[in-house]
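Here is how the chains run, residue by residue.
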Amino acid sequence: MDAEANVTDEDLRRFVLDGLDEDGRRLEREELPLLDEAERQGRLRVLRTDDGQGLMLVPGPAQAMTERTPVPFEEKARWLREEVEGTGSHDVLRLLAAAYDTHHGWQEEWRPTPISG
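Residues numbered from 1 in each chain as written. Predicted model: local features only at pLDDT ≥ 70, side-chain atom pairs only at ≥ 80, totals over all residues. Heavy atoms only, no water.

In the annotation of an unreviewed UniProt entry, the entry for the protein chain reads DUF6221 family protein, and the organism field reads Saccharothrix xinjiangensis.

Next comes the structure, spelled out in structure tokens:
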């Protein structure tokens, strides 16, 4: 990976972590976190794994067959922070960043490419 891509991934990583921090503050003010709003809009989804032991991030309005309740924001945010800090996946970072596309610092080139089917 070239130096420009590394800077971009680091910028994306910081942008997502800042968005998660802001969502935490929104929740404290009893406002809907933007991540939860993105899920409501069907832009992404955080689901429990089949064994119920972990979480997974998927694009679009996915629904787990056994899922009955949404994953609480605090649990999602904790898991996503770990994922964001440890991932090398540009696609994962772009998917999460898109939940914060109304924030200052958003760059349109970060928008994920729609999945055609």
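You can see L44 is positioned in strand 1 (residues 44-48). For the pair L44 and P61, spaced 17 residues apart in sequence, the C-alpha separation works out to 6.1 Å. Excluding its chain neighbours within four sequence positions, the residues that come into contact with L44 are L35, A38, E39, L57, V58, P59, G60, L95, L96 and A99. (Helix = DSSP H or I, 4+ residues; strand = E, 2+ residues; numbered from the N terminus. Contact = heavy atoms within 4.5 Å.)

The next point concerns the pairing of strand 2 (residues 55-59). Here five bridges tie strand 1 to strand 2, and the two strands are oriented antiparallel to one another. Along strand 2, the bridge assignment pairs L47 with M56. Once strand 1 ends, the chain turns through six residues before running back antiparallel as strand 2, passing G52 with a positive phi of about 75 degrees. (Pairing = 2+ DSSP bridges.)

Our focus in this paragraph is the nonpolar core. One finds L20 and L35 to be the most contacted residues of the largest nonpolar core, which totals 27 residues. Only helix 1 (3-28), helix 2 (34-40), strand 1, strand 2, helix 3 (73-86) and helix 4 (90-97) provide two or more residues apiece to this core. Sequence-distant contacts of L35, that is, excluding residues within four places in its chain, are made with L20, D23, L44, F73, K76, L80, L96, A99 and Y100. (Core = buried A, V, L, I, M, F, W, Y, C linked by side-chain atoms within 4.5 Å. Buried < 20%, exposed > 50% of the residue type's maximum accessible area, 1.4 Å probe, protein only.)

We now examine the side chain of D36. With respect to the element layout, D36 can be found in helix 2. Of the residues examined, D36 reaches a relative accessible area of 16% and is grouped as buried. When residues no more than four places from it in sequence are discounted, the contact partners of D36 are F73 and K76.

All chains considered together, the criterion is met by three aromatic pairs. Ring geometry for F15 and W106: centres 6.1 Å apart, planes at 45 degrees, overall tilted. Taken as a pair, F15 in helix 1 and W106 in the segment after helix 4 lie far apart in primary sequence, 91 residues in all. For the pair formed by F15 and W106, the shared burial category is buried. Each ring, one from F15 and one from W110, has its centre 5.1 Å from the other, and the planes form 55 degrees; the classification is tilted. With a gap of 95 residues between them, F15 in helix 1 and W110 in the segment after helix 4 connect regions that are remote in the sequence. Per residue, the accessibility class of F15 equals that of W110, and both read buried. (Phe/Tyr/Trp six-rings, centres within 6.5 Å; stacked < 30°, edge-to-face > 60°.)

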